[in-house]
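Chain residues, written in single-letter form:
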Amino acid sequence: MTQFPFSAIVAMDDMRLALILNAISPAIGGVLVRGEKGTAKSTAVRALTAVLPPVEVVAGCRFSCSPTTPDPQCPDGPHPAGAGGQPRPTRLVELPVGATEDRLTGSLDVGRALTEGVTSFQPGLLAAAHRGVLYVDEVNLLHDHLVDLLLDAAALGTSYVERDGVSVQHAARFLLVGTMNPEEGELRPQLLDRFGLTVEAVAPRDPATRAEVVRRRIAFDADPAAFTARFADDEAHIAASIVAARARLASIVVDDSLLEVIAAVCASFGVDGLRADIVIARAAAAHAAWRGASAVTREDVRAAAQLALPHRRRRNPFDAPGLDEKQLDDALGEASEDPDDEPDPQPPDPGPDGTPPPTDGQAPADGQAPADGQAPADGQAPADGQAPAWDPAHGARESVAPTGATFRARRLEVPGKGKGATGRRSRAYTDGGRTVGARPPQSVLRDLHATATLMASAPHQVRRGRTGPGLVLDRADLRERRREGRESNLVLFLVDASGSMAARRRMEAVKGAVLSLLLDAYQRRDKVGLVCFRGASAQLLLPPTSSVDAAARRLDTMPTGGQTPLTAGLTEAHATLRRERLRDPQRRPLLVVVTDGRHTAGGDPRAAALRLRHDGVASVVVDCESGPVRLRLADALAQALGGEYLSLDDLGDLSVAALAGSVRAYRREMVA
Ligand SMILES: [Zn+2]
């Protein structure tokens, strides 16, 4: 498949520069690209390998050993000295978010080691990415245990695989590139810090630039070969410049006085630890090499700081991304000759004809990404917090109720046992957790249950002709552990936001209760989604996401008023769950319906409830009915859904002392 040429990418200068600096100096530690959908982040990453020089590898080595410096631990080695090499293009290896551990690290066949006495290792993606690029799209959605494996390999430059005493290791040094949409959840701080540089990808605002993006995309799609040919010279020029810069890098020194400037800059932005200083020094040297210079200047430091600091400075969750330019200039000191001068992110020489036109304000600090684009989909609703009036005849008055007090919610869970990602909600068969039994291996044996294996082999020893000490093991004897732990789930909230709820001033309490469940979901590592129904229809206010922040904001601004289309709500929730099942089939959903059970618009909710039940959706109905006379409609709904019934008051885990702790932990992690 023809790739879109790297040199044909319009705008995104920060991103291209960050990738190039890492290509020159992989020690910088990779690039994280944050940005909304539709900013061509992935296109730019995939285009990179075309301008990276080929690598020389030992013929036949599955671990990409270099002929001059082969990996002494290489499972395919040892390679004889002077083994012939052959060039191959630099690889881009994509790590899918749902990959298994075996797929990432490779799989070790413990069964063969036990029964045949040979170490058999099938390389994984870490081996494939050695000396290339490892790309994780939606890196923020990567499972925690894969993140840990990735970080270990990245830090050590080596991947270790160990199963039951049999171990293999091989070199795994790669340029780590991640892309993410912050709307879908933030990255763990440890992983964030691991990326050397970050860039914000935003769609260009300047009309001429936007038009050029579209023009090139159309031309490429119409005739990829002709389009690529048009940029062949530019591609070759960038590739040659990277090779030249790599050669130059070794001789570039960062002056002592500049190291002090770097330290001052890091101190000014309140950066913890020394990693930022080191990354800036390396990126500044690579920037100088890319410019064709022989020494690092303040401008190189400035360019490096703009890429290395935004994710490391101390900040609050809702701060705008990017760096304060003025603060950066002040920290760089008086010697910065022309502080108003925009840094030139693209060196002048490697931009031949066909170089993208300059875009409008490159500076990441001008707050282009709206810090909070979270207005509800139909964001009207003045939030003046006055008591709403409910008029059944017109049913159109609406308001936004404030969010009431939160409490520590009891754990709601999906019945049965799942196989989803590790978390803290429902029971599940997991990779970790306690051993609950043994079973023959499902594919390659990974987690040996030694006792069960010995017991399985014992009855056959005489027949197998055992003479001396030691057992005669057969493949059929092998047993692996069956473990049980907890998984995370998708918790989809379906909230009645109609006027009847508002009339009784219940919405404040209801929002408090839902926020409590959201805080709980955050701690249990769930995905959450929010559907509300009011007026004539239901609305997906928040598609399933790991961002509890986004959910809390949507909830806070959710307007209330109008009729009660409960059936439409159930139908919308069902459609959302079906879509999500295609995307993430292992993650079991829990539908939490927050309602008093009334419906005043649309058909009978019973049929919609039965459809959800027949589809196997686990649900909980939280009854919001209050007052002396109760219809207990929510109870009937729970029965139709085959779900659990709780009143709003049942929702709290009454050990309220833990509440303050849970809110504090949440805040701390968001600020960290
Ligand atoms: Zn090798």
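## Focus: the coordination of the zinc ion
(1) Moving on: Surrounding the zinc ion are the protein donor atoms C61 (SG), C65 (SG), C74 (SG) and H79 (NE2), which sit 2.1 to 2.3 Å from the metal.
(2) Moving on: Around the zinc ion sit 4 donor atoms, and with donor-metal-donor angles ranging over 107 to 115° the site reads as tetrahedral.
(3) Moving on: Positions of the donor residues of the zinc ion along the chain correspond to the pattern C-x3-C-x8-C-x4-H.

## Quick notes on the pairing of strand β21 (residues 644-647)
(1) Moving on: One ladder, built from 4 bridges, connects strand β20 (residues 618-623) with β21; its direction is parallel. For V622, the partnering residue across the bridge sits in β21 and is L646.
(2) Moving on: For the handedness criterion, the β-α-β arrangement of β20, helix α21 (residues 633-641) and β21 is classed as right-handed.

## A word on the sheet that holds strand β4 (residues 92-94)
Strand pairing in a sheet relies on backbone hydrogen bonds. The paired strands run either parallel or antiparallel.
(1) Moving on: The strand order across the open sheet built from 5 strands is β4-β7-β10-β1-β11, with neighbouring strands paired in parallel fashion. Two strands lie at the open edges of the sheet, namely β4 and β11 (197-201), each paired on one side alone. Direction aside, the axes of adjacent strands within the sheet are offset by 20° on average.
(2) Moving on: Bridging between β4 and strand β7 (residues 133-137) involves 3 bridges; their strand directions are parallel. Looking across to β7, one finds that L92 is bridged to V133.
(3) Moving on: Strand contacts of helix α1 (residues 13-24): β1 (31-35), β10 (175-180) and β11, with the helix running at about 155° to β11, the strand carrying the most contacts.
(4) Moving on: Against the sheet, helix α2 (residues 41-48) engages β1, β4, β7, β10 and β11, with an angle of about 165° to β10.

## Quick notes on the sheet that holds strand β19 (residues 589-595)
(1) Moving on: Pairing is mixed in the open sheet, where 6 strands are placed in the order β17-β16-β15-β19-β20-β21. A single partner strand is all that each edge strand has here, and the edge strands are β17 (537-545) and β21. Taking each pair of neighbouring strands and ignoring which way they run, the sheet shows an average axis angle of 15°.
(2) Moving on: In this sheet, β17 lies alongside strand β16 (residues 527-534) in antiparallel orientation, the contact comprising 6 bridges. Looking at β17, one finds that R534 is bridged to S537.
(3) Moving on: Contacting β15 (490-496), β16, β17 and β19, helix α19 (residues 566-583) crosses the sheet at an angle of about 30° to β17.

## Thoughts on the nonpolar core
(1) Moving on: F6, I242, V265, I280 and L309 are the most contacted members of the largest nonpolar core, which has 68 residues in total.
(2) Moving on: No other element matches helix α12 (residues 275-291), which puts 11 residues into this core.
(3) Moving on: Residues contacting L309, with those up to four places away along its chain left out, are V265, C266, F269, V271, A276, I280 and L323.
(4) Moving on: The next biggest cluster of nonpolar side chains, apart from the first, holds 38 residues, and it includes V514, A551, A552 and V622.

## A word on helix α15 (residues 450-457)
In an α-helix, one turn spans 3.6 residues; hence positions three or four apart end up facing the same way.
(1) Moving on: All of the buried residues in α15 are A452, T453, A456 and S457. The buried residues of α15 occupy an angular sector of 130° when projected down its axis, which confines them to one face. When the buried face of α15 is taken as reference, the exposed residues oriented beyond 90 degrees from it are T451 and M455.

## Digging into the environment of S257
(1) Moving on: Residue placement: S257 occurs in helix α11 (residues 256-268).
(2) Moving on: By relative accessible area, which is 40% here, S257 ends up partly exposed.
(3) Moving on: Within the structure, the side chain of S257 is placed 2.7 Å from the side chain of D255, a separation counted as a polar contact.

## Some thoughts on α21
(1) Moving on: Those residues of α21 not exposed but buried are A634, D635, L637, A638, A640 and L641.
(2) Moving on: Looking at the residues trailing α21, positive phi occurs at G642, about 70°.

Cut-offs applied
- Residues numbered from 1 in each chain as written.
- Predicted model: local features only at pLDDT ≥ 70, side-chain atom pairs only at ≥ 80, totals over all residues.
- Heavy atoms only, no water.
- Donors = N, O, S within 2.8 Å, 3.2 Å for Na, K, Ca; no water.
- Tetrahedral: all angles 85-135°; square planar, octahedral: opposite > 155°, others 65-115°.
- Pairing = 2+ DSSP bridges.
- Helix = DSSP H or I, 4+ residues; strand = E, 2+ residues; numbered from the N terminus.
- Right-handed = clockwise from strand over helix to strand, strands pointing away.
- Axes fitted to C-alpha atoms, helices over the stretch in contact; angles between N-to-C directions.
- Contact = heavy atoms within 4.5 Å.
- Core = buried A, V, L, I, M, F, W, Y, C linked by side-chain atoms within 4.5 Å.
- Buried < 20%, exposed > 50% of the residue type's maximum accessible area, 1.4 Å probe, protein only.
- Arc of directions from axis to C-beta.
- Polar contact = N/O pair within 3.5 Å; in protein donor to acceptor, adjacent residues only side chain to side chain.

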